[in-house]
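# Structural features, examined
Read off the chains here:
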Amino acid sequence: MRKLQVKQNTKHLAVITFRMNLLFFAVFFMFSLLIFRLGYLQIVKGEEYVRELERTEEVRVNTSVPRGRIFDRYGRILVDNQPENAITYTKMQTTKTAEMLEIAQKLSKLMEQPLNKITYRDKLDYWILIHPEEAKDKVTKEEMKAYRDADEDIETKAVNAEHDRRVRERITDAELAALTDKELEVLAIYREMMIGYNLSPQIIKGENVTTEEFARVSEMLPDLPGVNTTTDWKRVRLTPLAILGRTTVPSKGVPKSDLNFYLARDYSRNDRVGESYFEAQYEEILQGEKSVVKNLTNKKGQVVEMMTTFDGEPGKDLVATIDIEFQQKADAILERKLLELKSFGQSDLLDRAFLVAMNPKTGELLSVVGKKIEKNEETNEQYVIDYSYGTFTTAYEAGSTVKAATVLMGYNEGVIEPGTVMLDAPMKIGNITLNTLFNKFGSVMLDDLTALEKSSNVYMFKIAMGVGGRTYAPGMRFSLAKGTLQTMRNEYAQFGLGVPTGVDLPGETLGYQADPDTDVKMLNLAIGQFDTYTPLQLAQYISTIANGGYRIQPRMLKEIRKPSKDGEHLGQVVDEVTPTILNRIENSEEEIAHVQEGLRRVYFGGGGSARRQFATADYTAAGKTGTAQVVYYGPQEEKYGTDTINFVHVGYAPFEDPEIAYAIIYPWATTDFDTYFPQGNETARDLLDAYFELKKKYATEGVTTSQVTMPIMRASTEKLDEDQAVETVNE
């Protein structure tokens, strides 16, 4: 019996021991699992959760840091910031609608708020807010029960939406009209308060805040939780140059089309952003960085303290390649010649002109001018606006200015070689006669240099035929090899014609490439009568020849600098943009030099088409004139199909060591095909005269871009604020 008892006790003890071991193992396993989990959270996921915590506790706050300024190449201010008073409101996560309405009512007594932004929907919302009982009575419970019973599967969300729709639908115009001006002013303030995000200041009034309003609100801040008085910045453009672009104003904020793009980059809805051209291209550099605020909350989630962890940083300044003084001179030259041409008869289609000047070795744009004539519909008076963006957003037939590229194409395709002589005489192909303007009926032998100097069409036609595998013979059956048109376009593309120039401005167009219905029409491409090119493409093209065959990307940005520390000198250079070579044409140095000599003869040769304007110049230069006979398809639709002429001119100087290359276009200049118009050539001469006069002046005054510390200078131009349209009238 005793042995049995001992045996049972031993068995019981073994069971207890097993259970204890199992319990200890379970506890050990749980602790191990807990330690493993803690380790995983701290080591593997630690940084991610810290970032998540920062995202929820640290908020980028729009403190309206100054946007970066824009200077010309010599440190003259083109776009500046002007400080102005602003009143802001910041709502918390726990802020109630009633509290915001009370603050709006208090603010309405301290300041005047414009009513122009109030929408019909705003009025409906506000009426419901201040008349809750009347709004409730608009729709009965029985009515909504019947609506719900009609569809057993309908969701509560859909029912609420239908209830809301019916309430708004039944608010009468008379009830809305009963809202007083004071109530509407409260609404105008309240709607601005509602737009903002939690913990992010929203500008309630940032334009035309008077000193008295600013003082009254500042004095009452202790009684206006969330309200603050601060300094905002107004963008001020000191030149009418449209390609500098413009920014939105806080009242407009981020464009709706790009809202998600900007919100993903920590922008606020009412942030000022670049919306066109240079301002838009370099938005991220100009914008600056907002301050970062860390919110400390209590157990109820209420913000009890806001700590600034980053003070924010103004946007960086941009130094543009433009010489604003040269820009102004080129601007005046082009406008004067445009109006001169417009004063002649048969110029009713003429409404614009363009001029682009760039450094052919670096791609720096020195002057970008566009002029457009518009008419006041009320007074019928004409006025001229800045249309500089048309230099890369519109395209035109360039005429004989492309002949230098045609000759180089002839070399590259093995059709001719430097010095090749061909007969210039009328070409008869079927019932079509092709000739040269200076030699409509005779016969003359020309080499390639004379063909450029005197602008031979026939010489260029024969090059194009050679590219297509044919040699001209009177009465021949005409056809070109398959792929000839594409071969020619590929050759011109080497110079930047018909392809993107790469300019650092948005919205560039490539021009129009037509489909010829006969092979004969392909020949017109060789003399610039078929495809269209932008003025900027033409400037890049002549720059490629001027610099020895390198197609350089044109650009407007020269340097990025830190904000000025003393207000008198530009800040430290952060980045200096270097030239970008896009490609080199497939011609030898000797071939390019030979064509350069042909272009020099255009200006200074005995038969040069621009000799009359350049023979007396005290500097060397080279270029090519062009008159493209085109069919009008401009803004006057009732005159579509009219035959007209584009005046075009390209060139560069000095001839031996080019510093400036330029393209000039007067589209649809006249319908008079019998009169000689010198304005294109005169524009080129006046432009170069202005350039070299300024060069001497700068040398005398010591103005240079190579100073270690560049002084800030004021541009001697008219002040234009950000609210004015890009198409600003140049008074």
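Details of the structure are given in the entry above.
Here we summarise the structure given alongside this text. (Residues numbered from 1 in each chain as written. Predicted model: local features only at pLDDT ≥ 70, side-chain atom pairs only at ≥ 80, totals over all residues. Heavy atoms only, no water.)

## Thoughts on the packing of helix α4 (residues 120-130) against helix α9 (residues 181-195)
The condition is simple: In this analysis, axes come from line fits to C-alpha atoms, helices being fitted only over the stretch in contact, and the angle between any two N-to-C directions falls in the range 0 to 180 degrees. Going along the chain from the N terminus, every DSSP run of H or I of four or more residues is numbered as a helix, and every run of E of two or more is numbered as a strand. For classification purposes, an angle smaller than 35 degrees is called roughly parallel, one larger than 145 roughly antiparallel, one from 65 to 115 roughly perpendicular, and anything else oblique. Two residues qualify as a contact provided that any one of their heavy atoms is within 4.5 Å of a heavy atom in the partner residue. All residues other than Ala, Val, Leu, Ile, Met, Phe, Trp, Tyr, Cys, Pro, Asp, Glu, Lys and Arg, Gly among them, are scored as polar; the first ten of these are nonpolar and the last four charged.
Packing of α4 against α9 brings their axes to within 11 Å, and their N-to-C directions diverge by 105°. Considering the angle they form, α4 stands roughly perpendicular to α9. Counted together, Asp122, Lys123, Tyr126, Leu129 and Ile130 of α4 and Glu183, Leu184, Val186, Leu187, Tyr190 and Arg191 of α9 form the full contact between these two elements. Split into classes, the residues belonging to the contact of α4 with α9 amount to seven nonpolar, no polar and four charged.

## A few points about the packing of aromatic side chains
Operational definition: Stacked, edge-to-face and tilted are the three classes for Phe, Tyr and Trp ring pairs, Trp counted by its six-membered ring, which pair at centre distances within 6.5 Å; planes under 30 degrees apart are stacked, over 60 edge-to-face, the rest tilted. For every residue, the accessible area obtained with a 1.4 Å probe (protein chains only) is divided by the maximum for its type, and the residue is called buried under 20%, exposed over 50%, and partly exposed between those limits. Here, a charge over a ring means that NZ of Lys or CZ of Arg falls within 6 Å of the ring centre while also lying within 35 degrees of the ring normal.
Taken as a whole, this structure holds 19 aromatic pairs when the rule is applied. The interplanar angle of 35° and the centroid separation of 5.5 Å between the aromatic rings of Phe647 and Phe677 together place this pair among those described as tilted. Here Phe647 is found in strand β21 (residues 643-653), whereas its partner Phe677 is found in the loop between β22 (660-670) and α24 (679-701), with 30 residues between them in sequence. The exposure classification of Phe647 matches that of Phe677, with both residues buried. Pairwise contacts between aromatic rings join Tyr277, Phe354, Tyr387, Tyr389, Phe392, Tyr396, Tyr632 and Trp668 into one cluster. The ring of Tyr387 has Lys372 sitting right over it, with the charged end atom 4.8 Å from the ring centre. The positively charged end of Arg584 is found above the aromatic ring belonging to Tyr550, 5.3 Å away from the centroid.

## Focus on the sheet that holds strand β9 (residues 352-358)
Within a beta sheet, neighbouring strands are joined by backbone hydrogen bonds and run either parallel or antiparallel to one another. Basically, it comes down to this: Here, a strand pair is defined by DSSP locating no fewer than two bridges between the strands.
Here we have six strands laid out as an open sheet, ordered β11-β10-β9-β22-β21-β20, and antiparallel in their pairing. Strands at the two margins of the open sheet, each flanked by one partner only, are β11 (382-386) and β20 (622-631). Neighbouring strand axes in the sheet, compared pairwise and without regard to direction, differ in orientation by 15° on average. Looking at chain direction, β21 and β22 are connected through eight bridges and run antiparallel. Counted as the bridge partner of Gly651 is Tyr662 from β22.

That's the geometry; what it means functionally is another story.
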